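Architecture and fold: a report
The chain contents come next:
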Amino acid sequence: DTSLAMVQRVRQRVREDNTTSPADVAELFKEDLALLLDPQDKSIWDWYDREELAAKPFVLMAVGVNGAGKTTSVAKMARHYQQLGKTVVLGAGDTFRAAAVEQLRVWGQRLGVDVVAQKPGADPGAVAFDSYQAAVARGADVLIFDTAGRLHTKAPLMEELRKIRRVFERQAAGAPHQTLLVLDATTGETPGEFVRATCTLTLALPKTGLTHPCTGQLILADIGIPPAVFARLGLSYTPPFGPRSRLLLPASGCCRAL
């Protein structure tokens, strides 16, 4: 629906402006897309930019499909909060993938943060409980919880995400306070199911390759989620991309580099 509506708006502008150049039509699409991705409420970035967080510990849960870059994104988020002067605990909720816990532990060692984990095959809900309790006991400012990759078509796995969310909700009102949906650029219909299962508010596209950067945002716009977006690779965080950048995103603050 979002794509069709955008095409109709551009067609109308082409008729009104008597546009004939393909390059000019492409510019019209860029302008319309920039408006689509410009959130009215800039407070969607408060959880990321502000030093004062909504809760202590502030719980951030990473979800998404297999191989999209969740664990690495968790490490990048941890580094970001460290740069804000926050203490961070990581929760190893991916108990399914081989070496997933070890990968997160390596990141924990590099960053100097504690990692809460159980043995492979453990109940992710139990890991979520232990992770929150550990964050509270250690006085951590932020708990970042990794989860196993899953296809949105696997109902039992999606229900597992709902269970993890309920575990956090029982620990503290409003937890998890932010959910990061990590996808590659060619997302198809994946985001909708994840949003419904986890109440996702933020999208990360760490492996775009700058090829199809806008698919995820358009789908999220279809279901009414504010398009707070991280994109690209890199360990350092840079200012928002401008509307004429290769990602075609507005400079209003809807996008950060991940």
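Okay, so let's go over this structure.

Let's talk about the packing of aromatic side chains
Applying the stated criterion across every chain yields a total of one aromatic pair. Aromatic pair Phe145 and Phe168: ring centres 5.3 Å apart, planes at 80°, arrangement edge-to-face. Of this pair, Phe145 sits in strand S4 (residues 142-147) while Phe168 sits in helix H7 (residues 155-171), and the two are 23 residues apart along the sequence. With respect to class, Phe145 is no different from Phe168; both count as buried. Arg110 extends its terminal NZ or CZ atom over the ring of Trp107, reaching a point 5.0 Å from the ring centre.

Focus: the nonpolar core
Core analysis: the largest hydrophobic core is formed by 47 residues, its most contacted members being Tyr81, Val88, Leu90, Ile144 and Phe168. Sorting elements by how many residues they give to this core places strand S1 (residues 58-64) first, with six residues. Dropping the residues within four chain positions of it, Tyr81 is found in contact with Trp47, Tyr48, Leu53, Phe58, Lys86, Val88, Val142 and Ile144.

Side note on the pattern of salt bridges
One pass over the full model with this rule turns up nine salt bridges. Salt-bridge contacts for Arg13 lead to Glu31; the nearest nitrogen and oxygen are separated by 3.1 Å. Taken as a pair, Arg13 in helix H1 (residues 2-17) and Glu31 in helix H2 (residues 22-36) lie far apart in primary sequence, 18 residues in all. Note on Arg13: relative accessible area 31%, which makes it partly exposed. Ionic pairing is found between Asp114 and Arg138, a salt bridge with its closest N-O pair at 3.2 Å. Here Asp114 is found in strand S3 (residues 114-116), whereas its partner Arg138 is found in the loop between helix H6 (124-137) and S4, with 24 residues between them in sequence. A relative accessible area of 40% places Asp114 in the partly exposed class. The exposure class of Arg138 is partly exposed, given its relative accessible area of 48%. One network of salt bridges, in which partners are shared, links Glu159, Arg162 and Arg166.

Re the packing of H6 against H7
Where H6 contacts H7, the axes come no closer than 9 Å and their chain directions differ by 25°. Compared by their axis directions, H6 and H7 come out roughly parallel. Seen along the crossing, H6 lies across H7 with a hand that is right-handed. Contacts from Pro124, Gly125, Ala128, Phe129, Tyr132 and Gln133 in H6 reach Glu160, Ile164, Val167, Phe168 and Gln171 in H7.

Here is what the cut-offs are and how they apply
- Residues numbered from 1 in each chain as written.
- Predicted model: local features only at pLDDT ≥ 70, side-chain atom pairs only at ≥ 80, totals over all residues.
- Heavy atoms only, no water.
- Phe/Tyr/Trp six-rings, centres within 6.5 Å; stacked < 30°, edge-to-face > 60°.
- Helix = DSSP H or I, 4+ residues; strand = E, 2+ residues; numbered from the N terminus.
- Buried < 20%, exposed > 50% of the residue type's maximum accessible area, 1.4 Å probe, protein only.
- Lys NZ or Arg CZ within 6 Å of the ring centre and 35° of its normal.
- Core = buried A, V, L, I, M, F, W, Y, C linked by side-chain atoms within 4.5 Å.
- Contact = heavy atoms within 4.5 Å.
- Salt bridge = Lys/Arg side-chain N within 4 Å of Asp/Glu carboxyl O.
- Axes fitted to C-alpha atoms, helices over the stretch in contact; angles between N-to-C directions.
- Parallel < 35°, antiparallel > 145°, perpendicular 65-115°, else oblique.
- Left-handed = near helix turned anticlockwise from the far one by under 90°.

Treat this as a map of the structure, not an account of what it does.
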